[in-house]
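The residues making up each chain are set out below.
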Amino acid sequence: MRPILKENLTSLVENFYLNLQKEPSLQQIIQDNSTFERLKKNIISSSRRII
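Residues numbered from 1 in each chain as written. Predicted model: local features only at pLDDT ≥ 70, side-chain atom pairs only at ≥ 80, totals over all residues. Heavy atoms only, no water.

Right, let's get into the overall build of the protein. Within the protein, the secondary structure is distributed over 3 helices and 0 strands. When the helices and strands of the protein are placed in sequence order, the string is α-α-α. Principal-axis analysis of the C-alpha atoms gives the protein an extent of 35 × 15 × 10 Å. Measuring between centres, the 8 positive side-chain charges of the protein sit 10 Å from its 5 negative side-chain charges. (Helix = DSSP H or I, 4+ residues; strand = E, 2+ residues; numbered from the N terminus. Lys, Arg positive; Asp, Glu negative; His and termini not counted. Charge placed at Lys NZ, Arg CZ, Asp CG, Glu CD.)

As a further point, take the packing of aromatic side chains. For any pair of aromatic rings, geometry is given as the distance between the ring centres together with the angle between the planes. Inspection of the entire model under this criterion finds 2 aromatic pairs. For the pair Phe16 and Tyr17, a centre-to-centre distance of 5.0 Å together with 85° between the ring planes defines the contact as edge-to-face. Between the aromatic rings of Tyr17 and Phe36, the centroid separation amounts to 6.1 Å while the plane-to-plane angle is 75°, which identifies the pairing as edge-to-face. Pair noted here: Tyr17 is in helix α1 (residues 2–20) and Phe36 is in helix α3 (residues 36–50), with a separation of 19 residues, a long-range link. (Phe/Tyr/Trp six-rings, centres within 6.5 Å; stacked < 30°, edge-to-face > 60°.)

Okay, α3 next. Think of an α-helix as turning once every 3.6 residues; residues three or four places apart then point the same way. When the terminal C-alpha atoms of α3 are compared, their 21 Å separation across 15 residues agrees well with the 21 Å that a helix rising 1.5 Å per residue should span. Along α3, the residues that are buried comprise Phe36, Lys40, Ile44 and Ser47. An end-on view of α3 places all buried positions within 70° of arc, on one side of the element. Looking at α3, the residues exposed on the side facing more than 90 degrees away from the buried face are Lys41 and Arg49. (Expected span 1.5 Å × (residues − 1). Buried < 20%, exposed > 50% of the residue type's maximum accessible area, 1.4 Å probe, protein only. Arc of directions from axis to C-beta.)

This part covers the pattern of salt bridges. With the rule as written, the count across this model stands at 2 salt bridges. A salt bridge links Glu14 to Lys40; its shortest N-O distance comes to 3.3 Å. Of this pair, Glu14 sits in helix α1 while Lys40 sits in helix α3; the two residues are 26 residues apart in sequence, bridging distant segments of the chain. Take Lys40: its relative accessible area is 8%, and that puts it in the buried class. Among the ionic pairs, Lys40 bridges to Glu37, the shortest N-O distance being 2.8 Å. Of this pair, Lys40 and Glu37 both sit in helix α3, 3 residues apart, which is roughly one turn of the helix. One network of salt bridges, with partners in common, ties together Glu14, Glu37 and Lys40. (Salt bridge = Lys/Arg side-chain N within 4 Å of Asp/Glu carboxyl O.)

See below:
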């Protein structure tokens, strides 16, 4: 499973945040506290360390 996750991590995270952006309340929370790009980079980086 790890090779599959490593190979698809960026697209998984991208799709996750694209879906979050469709929900106005979540979008507002994120924009008030961070940016989608920053969160994506952090999740990708953290996930790579775990995988």
